[in-house]
Each structure stands twice: as structure tokens, then as C-alpha cells.
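# Per-entry structural report
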Amino acid sequence: MSIIFNNVRIPMSGTFFPGQKVLVEKGKVASVGSMIRKNVEKVIECEQKYLVPGLIDAHSHLGLFESTVPVDDINEPYADITPHLRPLDGVKMRDRAMEDARRAGISTCMVCPGSERPISGLCSILKTNGNSADVGLIVEQAGVLMSFGEQVKATAKKSEKSYVTRMGVSALIRETLMKAQDYYSLKQSKKMVKDREIDMEALIPLIKGEVPMRACAHRAEDIMAAVRIAEEFKLKLVIEYGTEAHLLASLLAEKKIPVVLGPTLVPRFRYELNEKTFESAKILMDAGVEVAFTCDYPGLPIETLRVAAAMAIQYGLEEKRALAAITEVPASILGVDARLGKIKKGMDGDLALFSGHPLDIRSRLEALVVDGDLFVFSNDLKIESGN
């Protein structure tokens with residue numbers, strides 16, 4: 001489908017420029033400017049409404065959890081080390097949450113298993129359109145999820161595992177990574193005679209530095225455990241959650257470790273959240289850390305992604321950086337910034353049209369385009385057939 005957004009405001013150099021046009025053709029942004037003349041299938045008269053890149057949630061379990069089903073597919077309950085689990089095999093694209101995500105302006109999510117096990121599985125990057133995860137798949141292996149802190153400890157204790165302390169969790173992760181290194185070395189030597197091991201095969205891209213370790217950690221001590229392990233094994237690292245990451249802002253900036261921050265809207269219902277503050281994003285960004293927001297669906301409703309960014313503004317963060325934290329920056333952290341996160345010629349045709357400023361929670365999403373597919377959410381939106 002070919003679409004022109006006519007007379008729209010788009011973000012440029014930190015502000016919204018009015019009177020612009022954006023052309024989407026064959027699933028890509030084909031042109032941006034004020035003087036586009038092109039025969040298209042749909043012309044959307046925007047009347048100075050706000051057009052932004054499709055929003056990105058860089059950490060979710062979208063499609064692995066169904067609100068009307070008592071059993072979810074987020075956590076594997078009977079195994080501790082499962083790096084070979086693939087979200088693609090469990091995502092339900094027809095789940096109501098996918099429609100909720102689109103209605104929230106979210107076009108892309110990183111989907112991962114739950115954080116109740118030391119090594120939970122692979123992380124995949126998906127678009128929110130299509131009836132099959134294969135249709136929306138961008139990157140199947142975008143990292144390996146590992147977990148530190150109270151949640152993984154509590155699950156282990158409940159299951160009567162051999163590890164129930166932070167030391168035990170870190171030791172189990174180290175042991176697995178040592179085995180993965182040895183497995184990869186043996187495979188490289190071409191002396192490998194035994195059968196392939198699916199869990200070790202899944203860790204090879206991590207060991208080779210092709211994908212990052214995505215470490216779920218709230219407390220500063222747990223973040224540091226992840227940093228130590230990443231450095232010991234020469235792994236790329238992204239901190240997920242990062243409730244106390246602001247206490248380590250200078251260190252994370254120095255080591256160029258990004259943070260997917262959130263869910264920031266949850267209350268302090270356990271002690272590892274005691275240092276939670278809405279100022280975290282600003283503190284981290286001021287220090288030079290890349291920060292993206294997440295609502296950690298189903299930890300919070302998928303619709304709260306914009307609210308998290310808006311709350312950061314209330315606590316001192318500039319609008320430009322808050323908007324970037326749900327568009328441009330998560331695209332960079334996920335390694336897909338060559339195609340997502342900006343309204344620019346050649347980028348994916350993922351665009352969200354809001355009635356007002358996207359970080360004003362009174363603003364309504366009126367339309368969303370994902371890979372050129374148009375979803376309309378307002379009966380008042382003026383859409384004309386092109387000539």
C-alpha cells in the first residue's frame with residue numbers, strides 16, 4: 001500500500017516541524033518533505049497532528065501471555081538453564097495484547113521468556129502486525145536473557161533447587177558459560193565427535209560476541225554481578241530493569257552498557273525496588289548512558305509505555321530525550337537502528353499518528369502504520385483515495 005500523510009508535524013532536530021508530508025511505499029518511508037507530489041492509494045489529511053516513528057518496547061513478553069488463559073508460556077518451570085528456548089515458538093500473534101500494542105502506537109517489541117530462571121532463553125524482535133510471528137520477525141536471536149536477584153532466588157527456593165543465593169545463581173551462570181566456551185572451542189577444533197547439544201549451540205552467538213547478554217537486574221549489586229560475568233567472558237551486555245542503575249551511572253557510561261529501564265510505574269512492593277525513582281532516566285542519560293523505557297508487559301499494561309516517558313518528563317527529562325527513549329534509542333539498543341526509530345527515507349514504514357503531542361497522555365492514537373500496513377483507530381480521521 002502507498003500512503004501519504006499530508007500536513008503533519010514530524011520530529012526534526014528535537015522539535016516538531018509543521019506542514020510536512022511523509023510518503024510510505026512498499027513498506028518503507030519513501031520520501032519526507034513539504035513538497036511531495038505522488039499518486040498514492042491513500043491520502044491521510046493530518047491537520048497538523050503529530051507523526052512519530054512507531055513506538056518500540058525493548059523488553060516484553062508480548063504474545064507469550066494470554067490474559068484469559070490461566071497458564072502462560074513465559075516461564076519454563078522445570079528447567080534452570082534454557083538458552084535454547086525461542087519466543088518464536090510460543091508467540092500468539094492473534095492474542096488481544098497485539099491489538100492493544102497497536103492501539104498504543106507500538107510497532108515493534110523485543111519478546112523474551114520470563115526472568116524466573118538464571119538463563120531463560122533467546123530474545124527475539126518482532127513487529128506487531130501479521131497473523132504469524134514469522135511475518136513480523138525482524139531478528140530471531142537478539143540476545144540471551146539471564147536473571148539476577150530476588151525473583152530467580154525465590155523461584156529456586158520454591159522449587160527446592162541447589163542454588164538459593166545470589167552467589168549460587170552467579171555460579172550456575174558462570175558454570176554454563178564455561179561449558180559453552182569449551183563446547184565452542186571443541187567445535188572449532190573439528191574434533192567434535194559427540195552429538196550437538198541444543199543449549200550449547202544457542203550460546204555460541206553469545207560467546208562469539210554476536211549477540212548481547214541481556215541481564216535482568218534491579219539492585220546495584222546484581223547489576224555489578226552481571227558486569228563482572230560479562231567482563232570475565234568478554235560478552236556484550238545490556239541491563240534490563242535497572243531499578244538501581246542510576247546509582248552506577250558513571251560506571252555504566254564508562255563501560256558503554258545500555259539500560260532498558262522499567263517498569264518504572266510499579267510500586268515498591270519488594271525491597272529490591274526501594275531505590276526506584278522517576279529521576280533514574282535523567283540521571284543515567286546525563287551521565288551518557290543509553291536508556292530505553294519498557295513496561296515489561298504483562299508486568300504493566302502495554303499502553304503504559306508512553307506514560308513512563310511522560311513521567312520522566314515530569315521529573316526533569318527533556319521531551320526530546322523522553323521521546324527518543326521509546327523510539328530511536330531502543331532501536332539502537334536492539335541493533336535495528338538502521339531500519340527503525342526515525343522518520344527518514346529508506347527506514348521501515350512504521351509510523352504512529354497522534355491527535356496531539358505523543359507524550360501528552362490526553363493525545364489519542366489515530367492511526368498506525370507497520371511495514372506499510374495501515375491500522376486506523378479514529379472515525380474522525382480524514383482518509384481519501386489517491387488520484
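These remarks concern the structure in this document. (Residues numbered from 1 in each chain as written. Predicted model: local features only at pLDDT ≥ 70, side-chain atom pairs only at ≥ 80, totals over all residues. Heavy atoms only, no water.)

A separate point is the overall build of the protein chain. If you tally the helices and strands in the protein chain, you get eleven helices and 19 strands. Taking 2.2 N^0.38 as the reference for a compact globule, 387 residues should give roughly 21 Å; the C-alpha atoms of the protein chain span a radius of gyration of 21 Å, in line with that estimate. Here the C-alpha coordinates of the protein chain stretch approximately 65 × 45 × 40 Å along the principal axes. Accessible area of the protein chain: about 17,000 Å², with a carbon and sulfur share of 48%. Each charge class in the protein chain can be summarised by its mean position, and for the 50 positive and 52 negative side chains these summaries are 4 Å apart. (Helix = DSSP H or I, 4+ residues; strand = E, 2+ residues; numbered from the N terminus. Rg over C-alpha atoms; globule rule 2.2 N^0.38 Å. Areas by Shrake-Rupley, 256 points an atom, 1.4 Å probe, with all protein chains shown as cover. Lys, Arg positive; Asp, Glu negative; His and termini not counted. Charge placed at Lys NZ, Arg CZ, Asp CG, Glu CD.)

All right, on to the sheet that holds strand E15 (residues 291-293) then. In a beta sheet, neighbouring strands pair by backbone hydrogen bonds and run either parallel or antiparallel. Taken in spatial order, the six strands line up as E8-E11-E12-E13-E14-E15 in an open sheet, and their pairing is mixed. Strand pairing shows two members of the sheet lacking a second neighbour, strand E8 (119-122) and E15, which therefore form its edges. Ignoring which end each strand starts from, the neighbouring axes of this sheet average 25° apart. In this structure, strand E14 (residues 259-261) lies alongside E15, joined through three bridges in parallel fashion. Looking at E15, one finds that Val260 is bridged to Ala292. Packing of helix H6 (residues 220-232) onto the sheet brings it into contact with strand E12 (213-217) and strand E13 (237-241), and relative to E12 it is tilted by some 160°. Relative to the sheet, helix H8 (residues 280-287) contacts E14 and E15, its axis offset from that of E15 by approximately 155°. (Pairing = 2+ DSSP bridges. Axes fitted to C-alpha atoms, helices over the stretch in contact; angles between N-to-C directions. Contact = heavy atoms within 4.5 Å.)

Under the defined criterion, the tally for this structure stands at 31 salt bridges. Two residues, Glu99 and Arg103, come together in a salt bridge whose shortest N-O distance is 3.0 Å. With Glu99 and Arg103 both in helix H1 (residues 96-103), this residue pair falls four residues apart, about one helical turn. Residue classification places Arg103 among the partly exposed positions, given a relative accessible area of 48%. Salt-bridge contacts for Lys153 lead to Glu150; the nearest nitrogen and oxygen are separated by 3.4 Å. Linking Lys153 with Glu150, this pair stays in helix H3 (residues 150-158), spanning three residues, or about one helical turn. On the accessibility criterion, Glu150 (16% relative accessible area) is buried. One network of salt bridges, in which partners are shared, links Lys28, Lys127, Arg339, Asp348, Asp350 and Asp371. (Salt bridge = Lys/Arg side-chain N within 4 Å of Asp/Glu carboxyl O. Buried < 20%, exposed > 50% of the residue type's maximum accessible area, 1.4 Å probe, protein only.)

Everything listed here is a matter of coordinates, which is why it stays silent on function.
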